[in-house]
Each structure stands twice: as C-alpha cells, then as structure tokens.
Amino acid sequence: MMRLKAVAALSAVVLLGACDNDPVQEPPVPEPPFKEPVAEMIECTQANVVYYGDDGYTGVSDLWQVTLYTDMDIDEQGNPIGAGQIVCISCNAKQGDVLDMANLVGTYTATISTGDFRAGTFNEGYMRTIDLPGGAVEIPDFSFFGDLAEGETTFEPDLLREGYCQIESNADGTYTVSGIMVGTEYLKRYFTYTGAIEPVDRSDGGQQTIPNTTLTEDIQLEGFTQARLQDMGDYFFLQDQSYRMFRLTLADEGVDISGSYPEGEGRFLKLEFFVEWEADVTEGMPVGTYDMCQRTESGGIERSQIVPWHTVPGLPDQFTSPSGSWYQKIAASGEMPEYARLAAGKVTVENIDGVEGGRRIVVELLDCDADRPHAVKCTVEMAGTQLRQ
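Residues numbered from 1 in each chain as written. Predicted model: local features only at pLDDT ≥ 70, side-chain atom pairs only at ≥ 80, totals over all residues. Heavy atoms only, no water.

On to the overall build of the protein, then. Each helix and strand in the protein was counted, giving 1 helix and 28 strands. Looking at the protein residue by residue over its 389 residues, the buried ones come to 42%. (Helix = DSSP H or I, 4+ residues; strand = E, 2+ residues; numbered from the N terminus. Buried < 20%, exposed > 50% of the residue type's maximum accessible area, 1.4 Å probe, protein only.)

Written as structure tokens, this is what we have:
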C-alpha cells in the first residue's frame, strides 16, 4: 500500500508541473489482493516412521523420518504408486537410548542453519545422488512433498524448507501429524494424518544397501585385448615422496578406457597400486608382490598402509566411477550385469625372460563378500605399457 501512495503522489506533482490550471485528479487506487487462497488439505491415510537414533553424532537430537501418504498402493520396492500425494518430514527429536514414540511427540520448525540439529527442528529437503550399478540417480531426501500421477512412482519433489509439523499423541493410542510447510515451489502444503504408527528401528545402521559384488562363484578372466597403465602421482596428496600410485586397466575390445572411467560394452579390470616414488611408468609395472591393504570402516586408508607394494582395495558403493580396484562387466544400455569390489588378495608382477621390459602380471584377488569371498583371477603379459599377445 505504501508504494501505491508514493506513485499517486508523484503523478500529482507531474500533472501540476505540466499545467497549473488543470484540476488535479488522483488515479483510483486498486484494491490489492490481500486474501490468499486457502491451500487444499492433504488428507493422508498411511504413515511410515523410521527411527535412526543419533546417526550423525550430533549429541543433541535423534533423527526420525516421518513419511505420510494419501490412499495409494505400494509396490514391491516400497514405492507408492499414484495417483496420490506424499509428505516427508525429517525430524530432529529429543534424544533417547531406545525407540520411544514419546520422544517424537512435539512441534518441529525450520532450522536456523545447516549445522542446526536442535531437538524440535526439521531438516530441510535436498537432492541426494545415489551411485547405482545402472547409473547415478538423484532422489529427494529429508523433507519434501511429491504429487504422483496415475500409475507413476516418480515425481518432481518440492523440497520443504519453512513452516512447521506437529505430532500429537491421542488418548486411544493413535497419533495425529499435521502442519503447514513451504518449499522450493513457494506453495503452502497443509497436511494431516490421524491413525496408528508403528515405527521401524534402524538406529543400528541396518539400512538397505546395494551389494558391492554380484559374483556367486570364482572367476578366471581371460581374453582382454586392451591395457592402459597410468601414473596417478601423489594420489592421496601426502607430499612426502613416499609413494606414487599406478593404475592398470585391462579391458575387452568394446570398452573405451581412454577417459577417466571405462565406458562401452564388455568387461574390464581396474587395479591400483602403490609403487616407489622413483618408479617410471614408461618402464612398466615394478616387479614384486603387491598385497591388498585394508580400508577403514569409513572407507579411508590408514597412513601406514599407503606405502609401496600394496594394492588399493575398491572404494565401496562407487559403481559408475569406481575408485580403487574393481571388476565390472558393462552393457551398452548402461546396465551392469556383473561386478565385484575387490577387497583382499595379492597381485604378483614378474619379469618375462627374453622380453625386454616384459612383465607377467598374476592377479589373485577376492571380492568383498563377507560370508564367502569369491576369487577373481587373471594372468596377462605386457611389454612396457602394452598387452603382449
């Protein structure tokens, strides 16, 4: 309203300056649309609540994921099938030693920063990238709204960032979840659910993960037609010249190994080694035995393990951009029908008598299957950096 008055006053001054004898007539001031249309209430009939405990080691709250659905079917993978709507709220609740719905009851408002995990706040939505054997995909995480079309399980998410969610305990043992939240589409989402809630306990970290190996038996890899040996230098930036990393990629004819990551169709075996700093890649792999070192629980490698004569184990969950040592079979469609993260064993590099610069590389590695590791074996001969047929 203040902007409208200022425009009207300026118009009057201009009219007076143009003609002193003309009567001053202020233009009519339109009525602003102060009344905001009330958003449709999302009446949810199903609830899925998961308790993760203090999985981020915040020390101030426990994480609960509250997902509400309208009346929809659920497929075998647990995805709702439209038409319908979904509201997901990531709650930072009061801490407790065990799963207790009483700790979830309360009101949740927006955080004041990305590092704010105080009890009584919700985590704003964001898009998370998941690396899958068929390619990387983006999914919404934490707090979001989705409107699913008929027969669909995917949707364009509205990432929720403002508003509130209230969770109440009813006398009959049910719960009421309600609130108003606003996201990246700048629309208010009114929602409500009343009914039973049977929370799922995943505080032990037992979330569903993608297996890092598909092998069901030992394999002997033969018939590779391409090789590429690269000097990756001080790959872990230790800056003390204590090692350098060589990367050896062996592949079938249909696989392009000229880029950062293999592409195309066929099999490839990617191996990474810690060698001595003085090693020259143009002279081929240094002769010796390379034992597989081990990764920590977080996926890293201890400094004491980053030394020459070690093979680098595969980094978990890196399917489309494998780091460390992996075996993969890729299809032209982008699917990955066979793969294995390599986690144990050894690689032996020998001289070939009578062949200058010739190397025989004997691979005797194991995949990461915790119950029954499967062997991945291969023997190739190289002259310098090229396969010797």
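Alright, that's what it looks like, and here's the rest.
To continue, consider the confidence of the model for the protein. Averaged over all residues, the pLDDT of the protein equals 87, while 88% of them reach at least 70. Looking over the protein, one finds the lowest element-wise mean pLDDT in helix H1 (residues 2–18), namely 32, and the highest in strand E23 (residues 310–311), namely 98. (pLDDT = per-residue confidence, 0-100.)

Grouped together as the largest cluster of nonpolar side chains are 31 residues, with contacts concentrated most on Leu250, Leu269 and Ile361. Mapped by element, the contributors of at least two residues to this core are strand E16 (219–221), strand E17 (226–233), strand E18 (244–251), strand E21 (266–275), strand E22 (288–292), strand E25 (338–351), strand E26 (358–367) and strand E27 (375–383). In terms of nonpolar packing, the next biggest core, distinct from the first, is built from 25 residues, Leu68, Leu104, Tyr175 and Met181 among them. (Core = buried A, V, L, I, M, F, W, Y, C linked by side-chain atoms within 4.5 Å.)

In this section: the packing of aromatic side chains. Taken as a whole, this structure holds 10 aromatic pairs when the rule is applied. Between Phe319 and Tyr339 the ring centres are 5.3 Å apart and the planes differ by 75°, which places this aromatic pair in the edge-to-face class. Remark: Tyr339 occurs in strand E25 and Phe319 occurs in the loop between E23 and strand E24 (326–330); sequence separation between them is 20 residues. One aromatic cluster in this structure is built from Tyr235, Phe236, Tyr243 and Phe274. If you follow Arg267 out to its NZ or CZ, it ends over the ring of Phe224, 4.8 Å from the centre. (Phe/Tyr/Trp six-rings, centres within 6.5 Å; stacked < 30°, edge-to-face > 60°. Lys NZ or Arg CZ within 6 Å of the ring centre and 35° of its normal.)

Enumeration over the complete set of coordinates arrives at 12 salt bridges. Arg247 is paired through a salt bridge with Glu272; the nearest N and O atoms lie 2.8 Å apart. One end of the pair, Arg247, is in strand E18; the other, Glu272, is in strand E21, with 25 residues separating them in the sequence. On the basis of relative accessible area, Arg247 is assigned to the buried category, the value being 10%. Each member of the salt-bridge network shares a partner with another, and the members are Asp158, Glu185 and Arg189. (Salt bridge = Lys/Arg side-chain N within 4 Å of Asp/Glu carboxyl O.)

Time to look at empty space enclosed by the protein. Under the criterion given, the structure shown has 1 cavity of 30 Å³ or more. Approximately 50 Å³ is the volume attributed to the largest cavity. Every residue along the wall of the largest cavity is listed here: Arg228, Gln230, Arg247, Thr249, Ile257, Gly259, Ser260, Pro262 and Lys270. Taken together, the elements giving at least two residues each to the lining of the largest cavity come down to E17 and E18. Residues belonging to the lining of the largest cavity are distributed by class as follows: 2 nonpolar, 4 polar and 3 charged. (1 Å grid on protein atoms, 1.4 Å probe; cavity = no way out; pocket = protein on both sides within 12 Å on 5 of 7 lines; lining within 4 Å. Points joined across faces, edges and corners; volume = space filled by probe spheres on them. Nonpolar A, V, L, I, M, F, W, Y, C, P; charged D, E, K, R; others polar.)

On to the layout of surface pockets, then. Looking at the second largest pocket, its volume works out to about 320 Å³. Lining the second largest pocket are 13 residues, with Thr296, Glu297, Ser298, Gly299 and Pro316 sitting closest to its centre.

This brings us to unusual backbone geometry. Residue Ala83 follows Gly82 across a cis peptide bond; omega there is 15°. Inspection of the secondary structure assignment puts Ala83 in the loop between strand E5 (80–81) and strand E6 (84–93). Phi at Phe237 takes a positive value of approximately 55°, unusual for a residue other than glycine. One non-glycine residue, Asp317, lies in positive phi territory at about 65°. Positionally, Asp317 belongs in the loop between E23 and E24.

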